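# Observations on the three-dimensional arrangement
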Amino acid sequence: MLKPIFKKETFKKEVKDEIRRLFRTTLEEATNHQIYQAVCYVAKDVIIDNWMSTQQAMKEQDPKIVYYMSMEFLTGRYLGNNLLALTAYGEVKQALEEMNIDIDAIEDEERDPALGNGGLGRLAACFLDSLATLGYSAYGCGIRYHYGMFRQQIKDGYQIEQPDNWLEDGAYPFELKRPEYAKEIKFGGYVAVDVDKTTGREQFRQAGYQSVRAIPYDLPIVGYNNNVVNTLRIWDAEAINDFSLDSFDKGDYHKAVEQENLAHTLTEVLYPNDNHMAGKELRLRQQYFFVSASIQTAVQKYLRDHDDIRKLPEKAVFHMNDTHPTLTVPELMRILLDEQHLDWDEAWEVVQKSCAYTNHTIMSEALEKWPIELFSRLLPRIYQIVEEINRRFCDKLQKTYPQNADQKIRSMAIIYDGMVRMANLAIVGGFSVNGVAKLHTEILKKRELKDFYELWPEKFCNKTNGITQRRFLLHGNPLLADWVTNHVGSEWVTDLSRLSKLAVYADDEKAQAEFMNIKYKNKVRLAKYILENNGVEVDPRSIFDVQVKRLHEYKRQLLNILHVMYLYNKIKEHPELPFYPRTFIFGAKASAGYERAKKIIKLINNVAEVINNDTSIKGKIKVVFIEDYRVSNAEWIYAAADVSEQISTASKEASGTGNMKFMLNGALTLGTLDGANVEIVEEVGEENAFIFGLSADEVIEYEKNGGYDPMQYFNSDADIRNVLMQLINGRYSVGDMELFRDLYNSLLYPQGGNRADVYFILADFKAYAVAQERVSARYLHEEAWAKSAILNIAHAGKFSSDRTIEEYAKEIWKMDPITVRDENV
Ligand code: KOT
C-alpha cells in the first residue's frame, strides 16, 4: 500500500523541507545531486519504519534466519528499486515531473555500489531482493570496500582502470552506521593454553595478537510491497587504539602504528578478479575479518533470545557464497569451543548442521587454497582447529576406505601438500553442497567432487540460478513491463511463472508488432546512450547483437570478434550479397593483471575503429565497445538486445545469469549448451534459440585425451586462416605485426604449459558462423523473430530468483517466511 508520505503534494513538501534541512537552500537553487539526496532521505524515513516493524515481527515470530555470507554484493543503484518496492515509483515520478524534474536524471545521480565483480556478486544481490520479497528473514554479510570494482575507461582502445570512489560524499544515503554493534577481530600472535584447575580442561586463547574493530554499516533491503525490510550488513574496519599515550608509555608505539595501518588497508579495495584466486595475504585477512564479525554477531543475537547454543541450527543457517567465506566453519567452531565451552563433538554437530556451501565454478585457477605458513601465521587458533578437523576427517577416510585411503586422502584431505584447501573444508564442515545449474551440478558430482559425492551423496543438490524480475524488467524496461502487465496482469512482479500466459500472444500479429515497437524504442534509448558515451552512431533498425559480461578467455569474446572480422571479409569480397545490418555490442571489464584479456579488449576496439570507418560497407556492420559496463547501464543494454551471446566453451560457465536477463527482455540466445543455457533451451525450445558447438561431454573428452589440434582447422579452412593471419599482418594494428601475436599464438601453439586453443575457439568457429547465418535468416522474417522473442519471455518464468530462493529455503535452509503488518492500516 502506498504510504501517505508519497502522495504527491506531501511528497513535494517533504522533498523541499529535506533540501532546506540538508543544504539550507531551495528547490530552485538545488542541484540534481542535492535533490537526489533529498529524495533518498524521504524514502529512507519510510523504509526505517518498515525496518523497525520487521525487527519487531522477527522478535515476535522468532523465525530461522539465513546469513548469506559473501565477499561480494553487486547491488547496483538503490533509489529506483526502493521506490518500486514501496510501490511509490509512479507517484514520485509524477510529483517530480510537476516540479520539472526528470526522475531518470535524479536516479542517474546515484553512484553504482559496485561491491562485486560480476555474476557471483550480482547473484547475491538478486537473492537478497528475493529473500525480502518472499518474507524470509535474512542478513547479507559482507565488506564495505571503500573502492569497489574499478571504473573502466577506454583510451586509444586500451582499458584504463580508475578508482571507484563510491563513498565520495562520505557516506551513502541509504546506509546506517551502527557503531554500537562493533566487534573486535584478532590477527596473528600465538595460541596460549590455560588449564582449568577444577575441571582439568584445556582452554585455548589467542595471545600477542593485533586487532581491528569491525564497524557494521546496514543497508536496507526492501521487499516488494510487503513491508519487509531485511538488512545487508557490510563491515568496515577502524583501528582499536588510535595512538593512545598508553602505547607510547609501554613502548608499543610500533604496534599502534601497525594496527592503524591494518585497519586502513583491510577494507580499502575489492579484489577485481572474477573466476580467479587472488592468493594475497590481505585477501585472507578480509575473509576472516567479515566472517568473524558476522559469526560473532549471529551467535550473540541467538543467545539474546535463546539459552541452548546447541540448538543454534534450529534458528540460524550460514550460507557460504563460494569458498571465500569458508572460515565460517572454523570460526564458528572457535566460538563454540573457546567461548561457549562446548566439547568438540557437540560443537562439530552444531557447525555441520548450520553451514551450507554453493560452488560457482570449476575453473581450476579459481580453486582457493592457502599456504599453511601464511594461514597459520595469520590465524593461529583457526589453523589449529582446521588441523583437528582435517585429522578427524582423514581418520574417517582411513576407516571408510581401508583399500585406497591414500588416493582418497590425496583428493579429499583439507590440508594437503602444504596447502589448506577451502572447498574441501566447506564440504566437510557443512550439510549441503550445491551447484548453480543442472549441468554444473552433474559435472561436480561426476568429476570435480566425485569422491565427496560418493562419500556423502545426500549432501549434494542443484539450485539453478535466477535473477530478479523487479530490477531486470520492472525497473530496467518499463515499456516492456507495462506491455506484459497489459497482457497477463501485474502478478508477474512477484510470481514470474505468470509470464507463461504470454505464449498465446506469440502468433498474434498485433502483439508481435507491439513487441517489436517496444524493442525498437529501447534500441533508440541505447543508441542515444552509445552516442553520448562512446561517440559512435548506431542504427536502431539494425540487429543488436550483444555480449556483455566479464572478459575471460573461457567466455570467448575472442570467438565473437574473430567472427566479426570474418563477416567483414565476406562483405568486402561480396558487396552484392544481401546482408541485414548488424550492430555488435560488447561490454566487459578485464581484471587489471590479466594481460591477454586486456589484449582482447584492444582487438575489439581496433576492429571497431577499422570497420566503423569503412564507408564502403555502407554501415552493414558496426562494432561498439561500451565503456564501464556495470549494473546501471546493463539494465538498458538487456532491454535493447535482439541477440544474446552466450558462447562459453561448454562445461566452463557454471550457470551464467546474463543469459536469463536477456531472455526476460525478449532477446534470442545464441549459445553453446553450457551452464543454464541448457535449461533456457529446455524451457523455450531449441527452435527459439541458436545453439551451436561442442557439447560439455565432447570438451571434457578432448581434455582427457590432451586436447585437440587447432592447426588442422588453420590448414584446412581458408576463412579461418585469413582471419588469423589478420591478427599478425597489421590489418587491425596500423601495421604493427606484434600487437596481437600473443592472441594468434594462443590459438595455434602450446603456451607455457597450456595446450593450444585451450577454449576450442577454432573447433567451434564454423559452427558459430553457421549459427550466426541462421540468426540473420530468422530476422528477415520479422513475425518469426517476434514470435520467438515473445516465447522467450513467456518461458522465462523459471529463471526468477524468487523460484531459486524458494528452493533454497525449502530444501536447504528449511525456513518459513514471516509476515510484517502495514503500520498504515
Ligand atoms: C570466483 C572467484 C572470485 C570471484 C568470482 C568467482 C566466481 C564467479 N566463480 N563463479 N562465478 C560465477 O558465478 C555466477 C553465479 O553463480 C555464475 O553464473 C557464473 O557462471 C560463474 O562464473
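Since the model is a prediction, treat every value here as computed from it, not as a measurement.

## Focus: the site of the ligand
Taken together, 18 residues lie near the ligand, and Asn275, His360, Asn465, Glu653 and Gly656 sit nearest. Here Glu653 contributes a side-chain N or O atom positioned 2.6 Å from an oxygen atom of the ligand. With respect to the ligand, the backbone of Ser655 contributes an N or O atom lying 3.1 Å from an oxygen atom. Protein chains bury 97% of the 480 Å² of accessible surface belonging to the ligand in isolation. In terms of residue class, the shell around the ligand is made up of 5 nonpolar, 10 polar and 3 charged.

## Let's talk about the pairing of strand 3 (residues 151–155)
Residues Gln152 and Ile154 line the buried face of strand 3, whereas the alternating positions Arg151, Gln153 and Lys155 sit on a face that is not buried. Sheet topology note: the strand 3/strand 4 (residues 158–162) ladder contains 5 bridges and is antiparallel. What sits directly across from Ile154, in strand 4, is Gln159. Between strand 3 and strand 4, which pair antiparallel one after the other, the connecting turn spans 2 residues, and Asp156 there sits at a positive phi close to 55 degrees.

## Considerations on the domain arrangement of the protein chain
Examined at the domain level, the protein chain breaks down into domain 1 (1–62 + 79–112), domain 2 (63–76 + 115–465 + 808–813) and domain 3 (475–695 + 760–799). Placing a centre on the C-alpha atoms of domain 2 and another on those of domain 3 gives a separation of 36 Å. In this assembly, 37 residues from domain 2 lie in contact with 36 residues from domain 3. Together domain 2 and domain 3 conceal approximately 2800 Å² of surface at their shared face, both sides included; 59% is due to carbon and sulfur atoms. In this structure, the connection of domain 2 to domain 3 is made through 2 salt bridges. The salt bridge involving Lys598 is made with Glu161; its shortest N-O contact spans 2.8 Å. The interface formed by domain 2 and domain 3 includes 16 residue pairs in polar contact (both at pLDDT 80 or more).

## A few points about the pairing of strand 8 (residues 202–207)
Taken together, the 6 bridges between strand 7 (residues 190–195) and strand 8 define a ladder with antiparallel strand orientation. Within strand 8, the position partnered with Ala192 by the bridge is Arg205. The hairpin turn running from strand 7 into strand 8, its antiparallel successor, is 6 residues long, and Gly200 in that turn takes a positive phi close to 75 degrees.

## Side note on the sheet that holds strand 14 (residues 415–416)
Read across the open sheet, the 3 strands follow the order 13-15-14; overall the sheet is antiparallel. Looking at which strands have only one partner, the edges of the open sheet turn out to be strand 13 (369–371) and strand 14. Sheet analysis places strand 13 next to strand 15 (residues 419–421), joined by 3 bridges and oriented antiparallel. Bridging from a neighbouring strand, Trp370 pairs with Val420 of strand 15.

## Things to note about the packing of helix 12 (residues 344–354) against helix 14 (residues 380–400)
Running from amino to carboxyl end, helix 12 crosses helix 14 at an angle of 90 degrees, the nearest separation of the two axes being 13 Å. Taken together, the axes of helix 12 and helix 14 are roughly perpendicular relative to one another. On helix 14, the residues touching Trp344, Asp345 and Trp348 of helix 12 are Ile385, Glu388, Ile389 and Arg392. Residue classes in the contact of helix 12 with helix 14 are distributed as 4 nonpolar, no polar and 3 charged.

## Topic: unusual backbone geometry
When glycine is set aside, most residues are seen to have a negative phi, and most peptide bonds are trans. Phi at Asp62 takes a positive value of approximately 45 degrees, unusual for a residue other than glycine. The residue Asp62 is located in the loop between helix 2 (32–61) and strand 1 (65–69) in this model. Phi at Val734 takes a positive value of approximately 35 degrees, unusual for a residue other than glycine.

## Some points on the packing of aromatic side chains
For the coordinates displayed, the defined rule picks out 29 aromatic pairs. Measuring from centroid to centroid gives 5.9 Å for Phe375 and Tyr383, while their planes differ by 65 degrees, and the two rings are edge-to-face. Exposure class is identical for Phe375 and Tyr383. Each is buried. Look at Tyr702 and Tyr708: their rings are 6.0 Å apart centre to centre, the planes differ by 55 degrees, and that puts the pair in the tilted class. We classify Tyr702 as partly exposed; its relative accessible area is 33%. Members of the aromatic cluster, each reached through a chain of ring pairs, are Tyr68, Phe127, Tyr808 and Trp813. In this arrangement the basic side chain of Lys459 is found over the ring face of Trp456, its NZ or CZ atom lying 3.5 Å from the centre. A cation sits over an aromatic face here: Lys523 above Phe544, 5.2 Å from the ring centre.

About the criteria used
- Residues numbered from 1 in each chain as written.
- Predicted model: local features only at pLDDT ≥ 70, side-chain atom pairs only at ≥ 80, totals over all residues.
- Heavy atoms only, no water.
- Near = heavy atom within 4 Å.
- Polar contact = N/O pair within 3.5 Å; in protein donor to acceptor, adjacent residues only side chain to side chain.
- Areas by Shrake-Rupley, 256 points an atom, 1.4 Å probe, with all protein chains shown as cover.
- Nonpolar A, V, L, I, M, F, W, Y, C, P; charged D, E, K, R; others polar.
- Buried < 20%, exposed > 50% of the residue type's maximum accessible area, 1.4 Å probe, protein only.
- Helix = DSSP H or I, 4+ residues; strand = E, 2+ residues; numbered from the N terminus.
- Pairing = 2+ DSSP bridges.
- Domains from an automatic or database assignment.
- Contact = heavy atoms within 4.5 Å.
- Buried area = accessible area lost by both parts, 1.4 Å probe.
- Salt bridge = Lys/Arg side-chain N within 4 Å of Asp/Glu carboxyl O.
- Axes fitted to C-alpha atoms, helices over the stretch in contact; angles between N-to-C directions.
- Parallel < 35°, antiparallel > 145°, perpendicular 65-115°, else oblique.
- Phe/Tyr/Trp six-rings, centres within 6.5 Å; stacked < 30°, edge-to-face > 60°.
- Lys NZ or Arg CZ within 6 Å of the ring centre and 35° of its normal.

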